[in-house]
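Architecture at a glance
Single-letter residue listing:
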Amino acid sequence: MIRADVTGPEAAFPTVDVVLCRSEVNNRYGTGILIKRMFPGHRANVVSIRSTSIWNGEQEFGIRQLVIPQGLRRSQIYGWTLAHTGDLTIGRVYCVPYRGEEIVAALALTDAHRAPFCLYVMDDQNVASNGISDELMAEAIGKARLRLAISSDRRDAYHAKYGRRFWVAPPTMLAGADPPPNHASPSGRGILIGNISTPEWMDALIQAMGGSQFWHRRESIEALLGAHIRLCDPLPEPVLATRLPGYEVALIPTMPPRGSYANFAVSSLSFPSRLTFLVVSGDLPVIVLGDEDSCVARLVRHFGLGFTCPYDSTALDNALAATRDPAWRQAHRAAVTHVRRVLGSTDIASWVRDALDQGAPADLIFESLDVQPSRFPPLSVRGSPSLGPWLHE
């Protein structure tokens, strides 16, 4: 007999929404933070289903937390899912997929309960990776009433591959009053915001910082090897926001040139939640290191939020100098204010729920984050795409 790993408070409610994702929903990573923002009432009416545990079950999300047992076939996942939700009335199904198991469980609930199904692709495991099969992804896309993508690049990639409409749903963060302009002196202090995903990213960062005029100092990140890079534990966003005025620029790392494509599927088309944090909480210029074709690099250039440059100390110093130009800073402040209005003024919980109920968002505010030209022409222009991870073939 299959035993379920069930954690969290047990309660049966007449109608619940089910949220399916890879791992624990907590504040240790961007996806967890975004899911919690989407479901502020999760303690009353949300059941959480995940396929694995990374943080020893650290989660305070949902009235019931279910972990899919490992090694099950599709029919077994169907049976397990329905057996452990049989006492519930399912209102809506939301899947943020990273592995096929989450999609299969979502399809079980959708098929059995005829509940409206939202597929929200935050981290790609199909277009630039083979983590989720084309057949399973196509089935999920076909059955979803609402299809969301975290960026316009990811939206266009999935539309190009599958020919179905996706809507942009970026990381959001409700904003208060506009933060005061950052008048930091040209100290050359930079704060690294974002993930250093692989050792080769770290190697490229160390090489670039070694000759830079502004990064090679202890204030930037805890001494790492001999590169004077100081790694700090993650800070709560309100605390981190108070420290932003002490820096002149923010840096976001991406894949170095001729990289091994490790973590490429996640990073290449993503809209980092930390970029939203930077825009909503302050007005630091952003310098994106590495892949100039990455989604975050294209966003930063397109909307005038900063510059991109390779992992090179001279290029980094030139980018820093460009952010000090008075005319550019004036245009930058206006750009940040515009993007802040988009990312900081929408209640994402209501927006997603209403869009799923209607089958499409009534408020198209996030479509204004479209970055052109598109990297992925539609099927009618491009022809049929190949199967499998085809983004960097």
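Keep in mind the model is a prediction, meaning the values are calculated, not measured. (Residues numbered from 1 in each chain as written. Predicted model: local features only at pLDDT ≥ 70, side-chain atom pairs only at ≥ 80, totals over all residues. Heavy atoms only, no water.)

**Structural notes on the overall build of the chain**
- If you tally the helices and strands in the chain, you get 15 helices and twelve strands.
- Here the contacts in the chain between residues at least 6 apart in sequence split such that 73% fall between residues at least 24 apart. (Helix = DSSP H or I, 4+ residues; strand = E, 2+ residues; numbered from the N terminus. Contact = heavy atoms within 4.5 Å.)

**What to know about the nonpolar core**
- Counting residues in hydrophobic clusters, the biggest one holds 57 residues, and the most contacted among them are Ile35, Tyr120, Leu148, Leu275 and Leu305.
- Among residues more than four places away in sequence, those in contact with Leu148 are Cys118, Leu119, Tyr120, Val121, Phe166, Trp167, Ala169, Trp351 and Val352.
- Among the nonpolar cores identified, the runner-up in size contains 42 residues, and Cys95, Ala106, Leu119 and Ile132 belong to it. (Core = buried A, V, L, I, M, F, W, Y, C linked by side-chain atoms within 4.5 Å. Buried < 20%, exposed > 50% of the residue type's maximum accessible area, 1.4 Å probe, protein only.)

**Topic: the confidence of the model for the chain**
- Looking at the chain as a whole, its pLDDT mean stands at 85, while 81% of the residues score no less than 70.
- In this model, residues 213–223 is a region of pLDDT below 50 whose contacts with residues beyond four sequence positions or in other chains number 42 contacts.
- Low pLDDT, under 50, characterises residues 380–393; the predicted model gives this stretch 34 contacts beyond four residues in sequence or across chains. (pLDDT = per-residue confidence, 0-100.)

**Here's the deal with unusual backbone geometry**
- A cis amide bond links Gln372 to the next residue, Pro373, at an omega of 0°.
- By the element assignment, Pro373 lies in the loop between α14 (348–358) and α15 (379–382).
- The backbone of Asn56 shows a phi angle near 55°, a positive value even though the residue is not glycine.
- Along the chain, Asn56 turns up in the loop between β3 (46–50) and β4 (64–67).

**Side note on the pairing of β3**
- The element β3 is largely enclosed, with a buried count of five among its five residues.
- By the alternation rule, side chains of β3 split into Val46, Ser48 and Arg50 and Val47 and Ile49, which are all buried.
- Pairing geometry for strand β2 (residues 16–21) and β3, over five bridges, is parallel. Bridged to Val19 within β3 is Ser48.
- Of the strand pairs in this sheet, β3 and β4 are connected by four bridges, and their pairing is parallel. Among the inter-strand pairings, Arg50 is bridged to a residue of β4, identified as Val67. (Pairing = 2+ DSSP bridges.)

**Overview of the sheet that holds strand β10 (residues 249–253)**
- With respect to topology, four strands assemble into an open sheet ordered β9-β10-β11-β12, the strand pairing being parallel. The sheet is open, and its two edges are formed by β9 (190–192) and β12 (306–309), each paired on a single side. Adjacent strand axes in the sheet meet at a mean angle of 25° when their direction is disregarded.
- Taken together, the three bridges between β9 and β10 define a ladder with parallel strand orientation. Across the sheet, residue Leu192 finds its bridge partner in β10, namely Leu251.
- Strand contacts of helix α12 (residues 313–323): β10, β11 (286–289) and β12, with the helix running at about 170° to β12, the strand carrying the most contacts. (Axes fitted to C-alpha atoms, helices over the stretch in contact; angles between N-to-C directions.)

**As for the layout of surface pockets**
- Space inside the second largest pocket adds up to approximately 190 Å³.
- Lining the second largest pocket we find 15 residues, and of these Asp17, Met38, Phe39, Asn45 and Arg353 sit closest to its centre.
- Elements represented by at least two residues in the lining of the second largest pocket include exactly β2, α2 (42–45), β5 (90–95) and α14.
- At three residues, α14 tops the list of elements feeding residues into the lining of the second largest pocket. (1 Å grid on protein atoms, 1.4 Å probe; cavity = no way out; pocket = protein on both sides within 12 Å on 5 of 7 lines; lining within 4 Å. Points joined across faces, edges and corners; volume = space filled by probe spheres on them.)

**Points about helix α5 (residues 134–143)**
- Considered for burial, the residues of α5 that qualify are Asp134, Leu136, Met137, Ala140 and Ile141. Along α5, the residues classed as buried sweep out an arc of 165° about the axis, all on the same side.
- Summarising the contacts, the buried residues of α5 are in contact with α3 (74–83), α4 (100–113), β6 (117–121), β7 (146–149) and α6 (152–162). (Arc of directions from axis to C-beta.)

**Description of the packing of aromatic side chains**
- Following the criterion strictly, the structure yields seven aromatic pairs and no others.
- Ring geometry for Tyr158 versus Tyr162: centroids 6.2 Å apart, planes at 25°, classification stacked. Here Tyr158 and its partner Tyr162 are both found in helix α6, four residues apart, which amounts to about one turn of the helix. Here the two residues Tyr158 and Tyr162 agree in accessibility, since each one is buried.
- A centroid spacing of 5.5 Å and a plane angle of 50° characterise the contact between Tyr158 and Phe166, whose relative ring orientation is tilted. Each member of the pair, Tyr158 as well as Phe166, is classed as buried.
- Directly above the aromatic system of Trp167 lies the positively charged group of Arg165, at a separation of 3.7 Å from the ring centroid.
- For Arg189, the ring lying beneath its charged end belongs to Tyr247, and the centroid distance is 4.6 Å. (Phe/Tyr/Trp six-rings, centres within 6.5 Å; stacked < 30°, edge-to-face > 60°. Lys NZ or Arg CZ within 6 Å of the ring centre and 35° of its normal.)

**Side note on the pattern of salt bridges**
- Inspection of the entire model under this criterion finds 18 salt bridges.
- A salt bridge links Glu58 to Arg28, with the shortest nitrogen-to-oxygen separation between them at 2.9 Å. Remark: Arg28 occurs in the loop between β2 and α1 (30–38) and Glu58 occurs in the loop between β3 and β4; sequence separation between them is 30 residues.
- Residue Glu58 is classed as partly exposed on the basis of its relative accessible area, which comes to 35%.
- A relative accessible area of 52% places Arg28 in the exposed class.
- Between Arg74 and Glu139 there is a salt bridge, and its shortest N-O distance comes to 2.8 Å. (Salt bridge = Lys/Arg side-chain N within 4 Å of Asp/Glu carboxyl O.)

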